[in-house]
Amino acid sequence: ILQNIQSTQTMSELFEAMKDSCWLRVSGRPVLFLYAVKDTNWTAEQVAYVRRMAYRSGIGESLYIIGMNTDYNDFDAKIYDRDMDAVSMYSYASIIQGEPYSYYTSRLESLTDAIVNATTSEEHDHQFVPIFSLGRDGRPRIKTSVSWIEGDPNAELDKDKPYGNKYTLEADMETVKSHIANIYKVTQEHADVTQPNLICAYGWNEHDEGGWLCPTLNCDANGNLS
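Residues numbered from 1 in each chain as written. Predicted model: local features only at pLDDT ≥ 70, side-chain atom pairs only at ≥ 80, totals over all residues. Heavy atoms only, no water.

### Focus on the sheet that holds strand β1 (residues 25-26)
What links the strands of a sheet is backbone hydrogen bonding, and the strands pair in either a parallel or an antiparallel sense.
Inference 1: Pairing in this open sheet of 5 strands is mixed, and the strands run β1-β2-β3-β4-β5 from one edge to the other. Unpaired on one side and paired on the other, β1 and β5 (127-128) mark the two borders of the sheet.
Inference 2: With 5 bridges connecting them, strand β2 (residues 29-35) and strand β3 (residues 64-69) associate as parallel partners. Across the sheet, residue Phe 33 finds its bridge partner in β3, namely Ile 66. (Pairing = 2+ DSSP bridges. Helix = DSSP H or I, 4+ residues; strand = E, 2+ residues; numbered from the N terminus.)

### What about the side chain of Gln 127?
Inference 1: Topologically, Gln 127 is positioned in strand β5.
Inference 2: Among the polar contacts listed, one links the side chain of Gln 127 to the side chain of Tyr 64, at a separation of 2.6 Å.
Inference 3: Setting aside chain neighbours within four positions, we find Gln 127 in contact with Tyr 64, Asp 85, Ala 86, Val 87, Val 193, Thr 194 and Gln 195. (Polar contact = N/O pair within 3.5 Å; in protein donor to acceptor, adjacent residues only side chain to side chain. Contact = heavy atoms within 4.5 Å.)

### Section: the pattern of salt bridges
Inference 1: Scanning all chains against the criterion turns up 12 salt bridges.
Inference 2: Salt-bridge contacts for Asp 137 lead to Arg 139; the nearest nitrogen and oxygen are separated by 2.8 Å.
Inference 3: Judged by its relative accessible area of 14%, Asp 137 is buried.
Inference 4: On the basis of relative accessibility, which here comes to 39%, the residue Arg 139 falls in the partly exposed class.
Inference 5: The shortest N-O distance in the salt bridge between Glu 189 and Lys 185 comes to 3.8 Å. One end of the pair is Glu 189 and the other is Lys 185, both in helix α5 (residues 173-189) and 4 residues apart, which spans about a single turn. (Salt bridge = Lys/Arg side-chain N within 4 Å of Asp/Glu carboxyl O. Buried < 20%, exposed > 50% of the residue type's maximum accessible area, 1.4 Å probe, protein only.)

### Here's the deal with α5
Inference 1: Between its first and last C-alpha atoms α5 spans 24 Å; for 17 residues at 1.5 Å apiece the expected length is 24 Å, and the two agree.
Inference 2: Among the residues making up α5, those that are buried are Thr 175, Val 176, His 179, Ile 183, Val 186 and Thr 187. With its buried residues spanning 115° around the axis, α5 presents them on a single face. Turned more than 90 degrees away from the buried face of α5 sit Glu 174, Lys 177 and Glu 189, all of them exposed. (Expected span 1.5 Å × (residues − 1). Arc of directions from axis to C-beta.)

Here it is in structure tokens:
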């Protein structure tokens, strides 16, 4: 996932890695995700520049570029004018404090259906890559006070706290399995607008950001399990 254009050396290393047989491909084309395409850091000119850089680096196949938003509400006609092949999303936020995971996944699945239906009615060539999610609970990173989170954890009002004090409760495995199955079903039933063999996950290991499959483990000061 590329958030913005990096240094020449970093981009060269990226394109060199794409030549490896293990790189994710769609129809033989190397996949590249662009983060937060709603923002101004990904203009049509910048996307075209990345494509030219890849070609000059010896990538014979055209990149399969997937623009990722941070919320389904960010999808609008503007993101379809940037020479991307598909759209997706990075994550999905909770809307209340202590949101049950079952309610969270129900909202995400409903919005997935809405995006698929909207995509089928649009006159463009983009595809849609759905995601499933293990939730959003940023309280671990709030507790450790990372520098890039806005808000005051000790504020009186929820709106002044990080993430507006909104988070998802822990996922249960039965709902996780059902959620994954439902998203997979969408890709199979709407293969005209989705990539049948491509689904994004948020996230297997985003422990501090609140999307995770593995439970966190207690460690001592030396990193040994306790």
